[in-house]
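Descriptive analysis of the structure
Each chain, letter by letter, is given below.
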Amino acid sequence: MTTEELAQSATNDETPPSNISPEVHSLWLAKSGRWNESHDLCSSIPDPDGAWIHAYLHREEGDLQNARYWYHRARKNEPDSTLSLEEEWKTIASHFLSQ
């Protein structure tokens, strides 16, 4: 599955693809606009993976102070403001889809 296929599925389908990891499922939920469900799921994923998704979600929410905390836990640099949320989502999704 590609990031484009995952994003399209999140836009068009009511349920996520079968046999995806919790990380990819959390990203699918985020893309489908189900922020709270994505947040709940990524909170159950061990660090640093769960923390990376968590950081992205708080950046999307606009809570940059909280996002910084989660980027630190994920051992990731906080992206600069030129990286769009869409680009960051694709980067994270690509990482987890390749595992």
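Rules used throughout
- Residues numbered from 1 in each chain as written.
- Predicted model: local features only at pLDDT ≥ 70, side-chain atom pairs only at ≥ 80, totals over all residues.
- Heavy atoms only, no water.
- Helix = DSSP H or I, 4+ residues; strand = E, 2+ residues; numbered from the N terminus.
- Rg over C-alpha atoms; globule rule 2.2 N^0.38 Å.
- Buried < 20%, exposed > 50% of the residue type's maximum accessible area, 1.4 Å probe, protein only.
- Contact = heavy atoms within 4.5 Å.
- Areas by Shrake-Rupley, 256 points an atom, 1.4 Å probe, with all protein chains shown as cover.
- Arc of directions from axis to C-beta.
- Phe/Tyr/Trp six-rings, centres within 6.5 Å; stacked < 30°, edge-to-face > 60°.
- Lys NZ or Arg CZ within 6 Å of the ring centre and 35° of its normal.

Bringing the overall build of the protein chain into the picture now. Broken down by element type, the protein chain carries six helices and zero strands. Listed by position from the N terminus, the elements making up the protein chain come as α-α-α-α-α-α. Taken against the 2.2 N^0.38 rule, which gives 13 Å for 99 residues, the C-alpha radius of gyration of the protein chain at 12 Å falls within 12% of a compact globule. In terms of overall dimensions, the protein chain has a C-alpha envelope of 35 × 30 × 25 Å along the principal axes. Residue burial in the protein chain is summarised as follows: out of 99 residues, 37% are buried. Intrachain contacts of the protein chain at a sequence separation of at least 6 include 43% that bridge at least 24 residues. Entry remark: accessible area of the protein chain is about 5,700 Å², with carbon and sulfur atoms responsible for 46%.

This part covers helix α1 (residues 3-12). Looking at α1, one finds that the buried residues are T3, L6, A7, S9 and A10. In an axial view of α1, the angular spread of the buried residues amounts to 160°, which keeps them on one side of the axis. Pointing more than 90 degrees away from the buried face of α1 are the exposed residues E4, Q8, T11 and N12. Buried residues belonging to α1 abut α2 (22-31) and α6 (85-97).

For the rest of this paragraph, the subject is unusual backbone geometry. Geometrically, the link from D47 to P48 is a cis peptide bond, its omega value of 5° lying close to zero. Inspection of the secondary structure puts P48 in the loop between α3 (35-43) and α4 (49-61). Of note, the phi angle at N19 is positive, near 60°, even though the residue is not glycine. Note on N19: relative accessible area 81%, which makes it exposed. A positive phi angle, near 60°, is found at R75, a position not held by glycine.

As enumerated under the stated definition, the model contains two aromatic pairs in all. Here the aromatic rings of W52 and F96 are separated by 5.9 Å at their centres, their planes lie at 55°, and the arrangement is tilted. One end of the pair, W52, is in helix α4; the other, F96, is in helix α6, and 44 residues separate them in sequence. Since its relative accessible area comes to 10%, W52 is described here as buried. The ring of W89 has K31 sitting right over it, with the charged end atom 4.6 Å from the ring centre. Cation over ring: K76 sits above W52, and NZ or CZ is 4.2 Å from the ring centre.

Functional significance is not addressed by these values, which are geometric in nature.
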